[in-house]
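Summary of structural features
Here is how the chains run, residue by residue.
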Amino acid sequence: MWHLHSLLRASQSMACIQMHKGLQAHRHAGQTGHGEHAPEWRSLSPPSGTERHGRRRGGRVTQVFLCCQNPETTGHRQRKTFFFFNSASPPALWSVWQAATEHEDYAAGPPADGEKPRGFLKNERDNALLSAIEESRRRTFLLAEEYHRESMLVQWEQVKQRVLHTLLGAGEDALDFSQDVEPSFVSEITAPGRSALDSVEVAYGRQIYVFNEKIVNGHIQPNLGDLCASVAESLDDKNVSDMWLMVKQMTDVSVVPAKDTLMSRTSVKMQMDFVRQALTCLESSYKNYTMMTVFGNLHQAQLGGVPGTYQLVRSFLNIKLPGPLPGMQDGEIESHPVWAVIYYCLRCGDLTAAMHVINQVQHQLGEFKTWFQEYTNSTDRRLSPTSENKLRLHYRRVLRNSADPYKRAVYCLIGKCDISDNHGEVADTTEDYLWLKLKQVCFDDDGSSSPQDRLTLPQLQKQLLEDYGESHFSASQQPFLYFQVLFLTAQFEAAVAFLFRVERLRSHAIHVALVLYELRLLLKSSGQSTQLLSQEPGDPPTVRRLNFIRLLMLYTRKFESTDPREALQYFYFLRNEKDSQGENMFMRCVSELVIESREFDMLLGRLEKDGSRKPGVIDKFAGDTRAIISKVALEAENKGLFEEAIRLYELAKNPDKVLELMNKLLSPVIAQISAPQSNKERLKNTAMAIAERYRSQGIAGDKFVDSTFYLLLDLMTFFDEYHAGHVDKAYDVMERLKLLPLSQDSVEERVAAFRNFSDEVRHNLSEVLLASMNILFTQYKRLKGAPAGTPGRAQRTLDDRDTLRSQARALITFAGMIPYNMAGDTNARLVQMELLMN
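Values in this document were obtained by computation on a predicted structure and should not be read as measured data.

The rules we used
- Residues numbered from 1 in each chain as written.
- Predicted model: local features only at pLDDT ≥ 70, side-chain atom pairs only at ≥ 80, totals over all residues.
- Heavy atoms only, no water.
- Helix = DSSP H or I, 4+ residues; strand = E, 2+ residues; numbered from the N terminus.
- Contact = heavy atoms within 4.5 Å.
- Axes fitted to C-alpha atoms, helices over the stretch in contact; angles between N-to-C directions.
- Parallel < 35°, antiparallel > 145°, perpendicular 65-115°, else oblique.
- Left-handed = near helix turned anticlockwise from the far one by under 90°.
- Nonpolar A, V, L, I, M, F, W, Y, C, P; charged D, E, K, R; others polar.
- Phe/Tyr/Trp six-rings, centres within 6.5 Å; stacked < 30°, edge-to-face > 60°.
- Buried < 20%, exposed > 50% of the residue type's maximum accessible area, 1.4 Å probe, protein only.
- Lys NZ or Arg CZ within 6 Å of the ring centre and 35° of its normal.
- Patch = residues over 30% accessible without salt bridge, like charges linked within 9 Å, V, L, I, M, F, W, Y side chains within 5 Å.
- Areas by Shrake-Rupley, 256 points an atom, 1.4 Å probe, with all protein chains shown as cover.
- Salt bridge = Lys/Arg side-chain N within 4 Å of Asp/Glu carboxyl O.
- 1 Å grid on protein atoms, 1.4 Å probe; cavity = no way out; pocket = protein on both sides within 12 Å on 5 of 7 lines; lining within 4 Å.
- Points joined across faces, edges and corners; volume = space filled by probe spheres on them.
- pLDDT = per-residue confidence, 0-100.
- Polar contact = N/O pair within 3.5 Å; in protein donor to acceptor, adjacent residues only side chain to side chain.
- Core = buried A, V, L, I, M, F, W, Y, C linked by side-chain atoms within 4.5 Å.
- Disulfide = S-S within 2.5 Å.

Concerning the overall build of the chain
- When you go through the chain residue by residue, the secondary structure sums to 37 helices and 10 strands.
- Considering only residue pairs separated by 6 or more positions, the chain has 60% of its internal contacts joining residues 24 or more positions apart.

Here it is, written out as structure tokens:
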């Protein structure tokens, strides 16, 4: 009956209820026989782990659980019967069932010795512990997976941003998947050890070096634009030379004092200076063009007379307008239309020559001479409101539909009117169109001008950048032309961002940006994560900002791993910049450069054997090199480059961090077998060099970290002797260390001292105990196998063996008392060796 009760405790209650319903239905019907009147038997699945399969007399042995409930009792007094049979025959099962139910004492309860409650409670306790362990394991794995997922997302986001920043140079329009797109420099593969800089970049880098040398040494700051323009002269590329000539011309302005660059750049005075410089640049360029045209066709030009702009224009028109043109008004001068000569004198920027022509034919021009004299004498090249209104009225009434394009163009230039007319018959090139529009730009609003007669610089900027854009100017085929259009309209940031997207012109773009930055003319983005060219809230609609930091880092990324010296020269421009966290960008870039290039000695200096530091390249740029080195060391430590971080912390004279990281590196390897070129051997040599240097120079770190470091070195010596088979020397080392108890009297003392050890020492405790026990066992076997000799010697041998057994017992006692869970089967192996000594 006890067996039945045990099975009852392990059964499923639902199965019992189902069987009980079958029996109850049978009894109520008054059926007690066998065969077809027997109750409906149901085979109930046993609990997991109880089903067995086997062969008996050629058939399968089946275990069947049957559960019955006595129908004569109700409520909590009902008695349940649970049977376990190894037979599948329903008649046999029914007979056994009837015999059992006839006895009323089958549910008398468990044995009186109390084994059943104890077993039940033990089982419940074990189940609770296993459930808690399983739940803890499940939560731990879920937490680890979540941390891993978050870490991967962060790393992927960083990689994604780095890739997109490289490929997406200027925002939403930067990616062009057409066939003729030029490859990005990030896809180029540079042979190891070779420079990634081309000849143009090397030439620019040399000038940057000269510029920084002057600044670092406290000399007068040279003109960076002149230095970069000298590179263009050596390239024999007219487009590049013209570009730098334009950059120098446009930046030759007086910076208006203001609290920031935006207010200075948007001031009326500075904008007027920009327009004036742009017109001078365009006029000078066109005059050179006319001279080249004339001198290239001297026979047709028929150059002669008094040298000057007038004779130059006359000769130029002999080539450009060889015959009479229909519709020309107000006569001719030396066989050329009057208004054409005036226009080209103005186009060459010579108002005196234009006035000379007007004086010669003034009787044909009416009131225009008065207006032109007033225009020439004004400082801002603007007529008075009265004269301007008269001229505009005359233009609208008489000249708007005139057949003479040159006369209409001259009136629109002097009177700054009819801005919708592009004068395509006269201004047939982009430079001509740009010059004509810049001539019409107004800065003062007196309210007398109608919208069709007023053109502001922001309106012109918007028209060129947004309304026309790159496609109108065929920017991909003519990048220098589009750069010129933007730069001459004082859209420096957009011009640099566009040129930077053209891979072969990237080196020119970055140095134009550097020139603007040094002259405090560059509008920089407030955040480093913004696009290369962006707009910020609160800025005027036409203002764009350049992400200068990102631009510089994108440029240096190509060669920072192969030419770290040159990259450092460019990073020096960021010495006054900070990122969103307030960190100095120069220090941050240097940190990343050192980690990326691994040129620690060259960039940051090297530690000599006597402890002195040999200066590196960084010493020239920074007064406080220790702060930069500490920053790089921290970055290396965060990336897991502990050995590099140790070298850097030594340079920064931070012994606490040196020993702390050295302890982390030594802890996993001290118990390993030494081998040449192994990880342990390398770390051991590094640690020994640090220890010797610190002892000779009297350098000490934190007391706890310092003691841990030297203890780990001693433990490494212990394991080296142990692995070499020098058990006596290893025993002596362990005895001097006083790390383990070698007698029962010292167990409690060593246990108390164990609490003061660092984790780096504790992690090796299992290996130390096993090695020490092995040493004792080896010594014991050696004594046991030694010849008896004299009686006195035999007695000493017995005493020594007893001592070794006592020491082994002390180690086992120590291992059981320390509050630390040792790895694996350490305790079992210790006990096994101790038993072999008995």
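Quick notes on the packing of helix α27 (residues 625-638) against helix α28 (residues 642-651)
- Axis separation between α27 and α28 bottoms out at 8 Å; the angle between their running directions is 165°. One way to sum up the angle between α27 and α28 is to call them roughly antiparallel. By crossing handedness, the relation of α27 to α28 is classed as left-handed. Contacts between α27 and α28 involve I629, V632, A633, L634, A636 and E637 on the former and, on the latter, F642, A645, L648, Y649 and L651.
- Its residues assigned to classes, the contact of α27 with α28 comprises 10 nonpolar, no polar and one charged.

A few points about the packing of aromatic side chains
- Counting across every chain of the model gives 34 aromatic pairs.
- Where Y344 meets Y406, the ring centres are 5.7 Å apart and the plane angle is 50°; that geometry is what we call tilted. With Y344 in helix α12 (residues 338-347) and Y406 in helix α17 (residues 405-415), this pair connects stretches of sequence that are 62 residues apart. Each member of the pair, Y344 as well as Y406, carries the same accessibility label: buried.
- For the pair F473 and Y482, a centre-to-centre distance of 5.8 Å together with 40° between the ring planes defines the contact as tilted.
- Take Y482: its relative accessible area is 2%, and that puts it in the buried class.
- Members of the aromatic cluster, each reached through a chain of ring pairs, are Y286, Y289, F316, Y343, Y344, Y406 and W435.
- Cation over ring: R762 sits above F754, and NZ or CZ is 4.9 Å from the ring centre.

Details of a nonpolar patch on the surface
- A cluster of nonpolar residues, M291, F295, L298 and L303, forms a patch on the protein surface that exposes about 360 Å² of accessible area.
- Positionally, L303 belongs in the loop between α10 (298-301) and α11 (309-320).
- Judged by relative accessible area, which is 40%, L303 ranks as partly exposed.

Considerations on the pattern of salt bridges
- Per the counting criterion, the structure on display carries 43 salt bridges.
- Across the pair D126 and K122 runs a salt bridge whose closest N-O atoms are separated by 3.1 Å. Note that D126 and K122 are positioned in helix α4 (residues 115-167) at a spacing of four residues, about one turn of the helix.
- The partner of E592 in a salt bridge is R588, and the shortest N-O contact between them spans 3.5 Å. Highlighted residues: E592 and R588, both in helix α25 (residues 585-597), separated by four residues, approximately one helical turn.
- When its relative accessible area of 35% is taken as the criterion, E592 is described as partly exposed.

Some remarks on helix α20 (residues 479-488)
- Where burial is concerned, most of α20 is hidden: 10 out of the 10 residues are buried.
- Taken as a whole, α20 has its buried residues at P479, F480, L481, Y482, F483, Q484, V485, L486, F487 and L488.
- Packed against the buried residues of α20 are α7 (238-250), α9 (268-296), α18 (430-439), α19 (457-472), α21 (492-501) and α22 (506-518).

Topic: the layout of surface pockets
- Looking at the second largest pocket, its volume works out to about 830 Å³.
- Taken together, 33 residues line the second largest pocket, and the ones lying closest to its centre are K238, D242, S285, E431 and Q484.
- Of all the secondary structure elements, the ones that give two or more residues to the lining of the second largest pocket are α7, α9, α12, α18 and α20.
- Looking at the lining of the second largest pocket element by element, the count peaks at nine residues for α9.
- Its residues assigned to classes, the lining of the second largest pocket comprises 15 nonpolar, 10 polar and eight charged.

A few points about α28
- Judged by how many residues are buried, α28 sits mostly within the fold: seven of 10 residues are covered.
- For α28, the secondary structure elements touched by its buried residues are α26 (600-604), β9 (606-607), β10 (613-614), α27, α29 (655-666) and α30 (679-697).

Brief notes about the confidence of the model for the chain
- Taken over all residues, the pLDDT of the chain has a mean of 80, while the share at 70 or more is 80%.
- Within the model, the stretch residues 100-112 combines pLDDT values under 50 with 17 contacts to residues more than four positions away or in other chains.
- In this model, residues 168-192 is a region of pLDDT below 50 whose contacts with residues beyond four sequence positions or in other chains number 32 contacts.

Let's talk about the environment of S234
- Within the fold, S234 resides in helix α6 (residues 224-235).
- For S234, a relative accessible area of 56% corresponds to the exposed category.
- A sequence separation of 31 residues divides S234 from A203, and the C-alpha atoms of the two residues are 9.0 Å apart.

A few points about the side chain of R347
- Positionally, R347 belongs in helix α12.
- Sequence-distant contacts of R347, defined by excluding residues within four places in its chain, comprise L282, E283, Y286, E431, D432 and W435.

Structural notes on the packing of α29 against α30
- Close contact between α29 and α30 brings their axes to 11 Å; oriented N to C, the two are set at 150°. Our classification of the angle between α29 and α30 gives roughly antiparallel. Handedness of the α29/α30 crossing: left-handed. The segment α29 lies against α30, with P655, V658, L659, M662, L665 and L666 engaging L683, T686, A687, I690 and Y694.
- Among the residues forming the contact of α29 with α30, the class breakdown is 10 nonpolar, one polar and no charged.

Focus on unusual backbone geometry
- Not every positive phi belongs to a glycine, and D236 is a case in point at roughly 55°.
- Secondary-structure assignment places D236 in the loop between α6 and α7.
- By relative accessible area, which is 73% here, D236 ends up exposed.

What to know about the environment of T309
- Positionally, T309 belongs in helix α11.
- Sequence spacing of T309 and D350 is 41 residues, and the spatial spacing of their C-alpha atoms is 6.9 Å.
- Every residue in contact with T309, bar those within four places of it in the chain, is listed here: K287, C348, D350 and A353.
- Within the structure, T309 has its side chain in polar contact with the side chain of K287 (distance 3.3 Å).

Let's talk about the nonpolar core
- Core analysis: the biggest nonpolar cluster contains 218 residues, and W244, I342, F368, F487, L666 and F709 have the highest contact counts within it.
- With residues up to four places along the chain from it excluded, the contact list for F487 reads M246, V247, M250, F492, A495, V512 and L516.

A short note on the state of the cysteines
- One pass over the structure, following the stated rule, counts zero disulfides.
- Summary of cysteine pairing: C442 is not part of a disulfide, and the nearest cysteine sulfur, belonging to C417, is at 9.9 Å.

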